[in-house]
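Listed below are the residues making up each chain.
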Amino acid sequence: MRFSRKALAVLLIFLAVSMAGCIGSSTGTSPTKTSASSSTTQVKTVQKYITVTDLLGRTVKVPANVTRVVAVGPGALRILVYLNATKDVVGIEEFEKRYPFGRPYILAHPELLKLPVIGPGGPGKLPDMEALIKVHPQVIFMVFVSRQTADEVQEKTGIPVVVLSYGTLKNFTDPVFFKSLLLAGKILGKEKRAEEVIKFIEEQQSYLENLTKGLKSPTVYVGGIGFKGAHGITSTFTDYAPFTVLGLDNIAANLTSTNYGWVQVDKEWLLKENPDYIFIDEGGLKIILDDYKSDPSFYNSLKAVKEGHVYGVLPYNFYNTNIGIAIADAYYIGKVLYPEHFKGIDPIKKANEIFTFLVGKPVYNELAKEFGGFGKINLANGNVTYGLPTNP
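Think of each chain on its own: its residues are numbered from 1, step by step along the sequence as written. The predicted nature of this model means local features are confined to residues of pLDDT at least 70 and side-chain atom pairs, given and counted, to a pLDDT of 80 or more, with totals for whole chains, interfaces and linings taken over all residues. To obtain the side-chain values, all non-hydrogen atoms of the structure were used and water was disregarded.

Let us look at the overall build of the protein chain. Secondary structure elements follow DSSP: runs of H or I of four or more residues count as helices, runs of E of two or more count as strands, with numbering from the N terminus. Along its length, the protein chain carries 16 helices and 14 strands. We call two residues in contact when some of their heavy atoms are within 4.5 Å. In the protein chain, once contacts between residues fewer than 6 apart in sequence are set aside, the share between residues at least 24 apart is 67%. Element-wise, carbon and sulfur atoms account for 53% of the exposed surface of the protein chain, whose accessible area totals about 18700 Å². Note on areas: these come from Shrake-Rupley sampling with a 1.4 Å probe, and a residue is covered only by the protein chains present in the view.

As structure tokens, this is what we get:
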């Protein structure tokens, strides 16, 4: 059969288009050879994405396979450590390097301190946009930021920003915090670990609640709570989670707070309420010991001081709430107040079990060396190696 030149041209064009269609459908990442002369055609990688809703209600498109992330803001990095995602972190805040004490997640993972700095860190401080871009994260996790700030960081860096939250943490099982764990777990492929962490925390709270259910509580107070820096005896929480979980009569519970439960009380009020037991968050112990030297009469007028019922607990609120520490503190507080009901519990051993599960290492001894650890406090001759920074 003979073809006209016109028919032959049409046939050749048809064949060329068909071949081009086959090459264009490739999703491989390597160049594809198209002839014996070794010429190549570059093929673009097809990146898959998932759409998530963060804790501010923002809709964010993130890569389906995330292996490079950064954490910005108080407590963001702690969440990633709880999820066993330290190997995915490619940069940290300068705050973490400047204050590498008092936080189990850093004590357990000092390798994080070798990572590049992505910004100053600290309450209310924005990251360095250029530094963020240089470490090439696929997702930026942020905490304690507004929608406007999150959108601004995302726009300037071109990197998806996902906002997480700790909620109010009036106890250990805050649904907002759990939602953050699940969201970060989904993005990082750590859904199972997120569920395990939630189950662990729920079980600890349930166990403590059952141990103290129906018991008559003495009046209690916690001073020295950190909030955007260290504070003295008058710094406390209306919803101090260890007290709430143990069902204790916290004398500050009915005070009004506009800062997530944190309040500064008057010394006169503390004298008037005169609690049976005082617990001191050791992050503020240095300030309290110094204050005692200048005003011993105030402290010695307190019932708890006169009767020797002043006890130290590990820093509860350093760069957001140390949830593992809060749970460990609850076991110690319960042991002090209800020794018979906590007879079979060793608070130090329990603390190390908690830290090992949440951050991978038993770091109680390191924390105790820094701050004093669980025990009675003698204000007249007490001393402390570390205090939390007063102006981080």
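What follows deals with the pattern of salt bridges. When a carboxyl oxygen of Asp or Glu is within 4 Å of a side-chain nitrogen of Lys or Arg, the pair counts as a salt bridge. Under the defined criterion, the tally for this structure stands at 11 salt bridges. The salt bridge involving Glu94 is made with Arg98; its shortest N-O contact spans 2.6 Å. On the criterion of helical spacing, the pair formed by Glu94 and Arg98 is a turn pair, its members being 4 residues apart in helix α3 (residues 94-98). In this structure Glu94 comes out as partly exposed when scored by relative accessible area, which is 29%. Only protein chains enter the accessibility calculation, which uses a 1.4 Å probe; a residue whose area is less than 20% of its type maximum is buried, one above 50% is exposed, and one in between is partly exposed. Arg98 sits in the partly exposed class, given a relative accessible area of 33%. Several salt bridges converge on common partners, so that one network encompasses Asp54, Arg58 and Asp151.

Despite not being glycine, Asn274 has its phi angle at roughly 45°, a positive value. If you trace the backbone, Asn274 turns up in the loop between α10 (267-273) and β12 (277-281). Residue Asn274 is classed as partly exposed on the basis of its relative accessible area of 26%. In this structure, Asn320 is a non-glycine residue whose phi angle is positive, near 80°. Take Asn320: its relative accessible area is 12%, and that puts it in the buried class.

What follows deals with the environment of Lys48. Mapped onto the elements of the fold, Lys48 is located in the loop between β2 (40-41) and β3 (49-53). For the pair formed by Lys48 and Lys61, sequence separation is 13 residues and the distance between their alpha carbons is 9.9 Å.

It is worth spelling out the environment of Ala326 at this point. Tracing the backbone through its elements, the reader meets Ala326 in helix α14 (residues 323-337). It is 5.7 Å that separates the C-alpha atoms of Ala326 and Tyr316, two residues lying 10 residues apart in sequence.

Before going further, it helps to examine the nonpolar core. Ranked by internal contacts, the top residues of the largest apolar core, which has 92 residues, are Phe141, Val162, Phe177, Phe279 and Phe355. Residue contributions to this core peak at 11 residues, all from α14. Contact partners of Phe141, with chain neighbours within four places excluded, come to Val69, Val70, Ala71, Val72, Ala76, Leu80, Val162, Leu164, Ala184, Ile187 and Leu188. Residue types Ala, Val, Leu, Ile, Met, Phe, Trp, Tyr and Cys, when buried and joined through side-chain atoms within 4.5 Å, form a set referred to as a nonpolar core. Ranked by size, the runner-up nonpolar core spans 22 residues in total, among them Tyr221, Ile233, Ala252 and Ile278.

Think of it this way: DSSP has to see at least two bridges between two strands before they count as a pair. A sheet is described by the order of its strands in space; here 5 strands give the open sequence β10-β8-β12-β13-β14, paired in mixed fashion. Looking along the sheet, the strands with just one partner apiece sit at the ends: β10 (249-250) and β14 (375-376). Pairing analysis gives 4 bridges linking strand β8 (residues 219-223) to β12, with the strands arranged parallel. By the bridge assignment, Gly223 is partnered in β12 with Ile280. Here, axes are lines fitted to C-alpha atoms. For helices the fit covers the stretch in contact, and angles between N-to-C directions go from 0 to 180 degrees. Helix-sheet contacts for α14 involve β8, β12, β13 (310-313) and β14, and the interaxial angle to β13 is about 160°.

Here we take up the packing of aromatic side chains. A pair of aromatic rings is counted whenever rings of Phe, Tyr or Trp (Trp by its six-membered ring) have centres within 6.5 Å, and the orientation is called stacked for planes under 30 degrees apart, edge-to-face for over 60 and tilted otherwise. Applying the stated rule across the entire model yields 23 aromatic pairs. Ring pairs connect the aromatic residues Phe237, Tyr240, Phe243, Tyr277, Phe279, Tyr311, Tyr316, Tyr332, Tyr364 and Phe374, which therefore count as one cluster. Taking NZ or CZ as reference, Lys61 lies 4.8 Å from the ring centre of Tyr49, over its face. Taking the ring centre of Phe318 as reference, the NZ or CZ of Arg103 above it sits at 4.8 Å. Two conditions define a charge located above a ring, namely a distance within 6 Å from the ring centre to NZ of Lys or CZ of Arg, and an angle within 35 degrees of the ring normal.

Moving on, we get to the sheet that holds strand β5 (residues 69-72). Strands sit in the order β5-β6-β7 across an open sheet of 3 strands; the sheet is parallel. Edge strands, defined here as strands with exactly one partner in the open sheet, are β5 and β7 (161-164). Taking each pair of neighbouring strands and ignoring which way they run, the sheet shows an average axis angle of 25°. By the bridge criterion, 4 bridges tie strand β6 (residues 139-143) to β7 in an arrangement that is parallel. Across the sheet, residue Met142 finds its bridge partner in β7, namely Val163. This element, helix α6 (residues 147-157), spans β6 and β7 of the sheet and lies at about 155° to β7. Docked against the sheet, helix α7 (residues 175-188) engages β5, β6 and β7, running at close to 150° with respect to β7.

With that settled, consider the environment of Pro123. Within the secondary structure, Pro123 is located in the loop between α4 (104-108) and α5 (129-134). Once the C-alpha coordinates of Pro123 and Gly229 are considered, the two residues, 106 residues apart in sequence, prove to be 9.2 Å apart.

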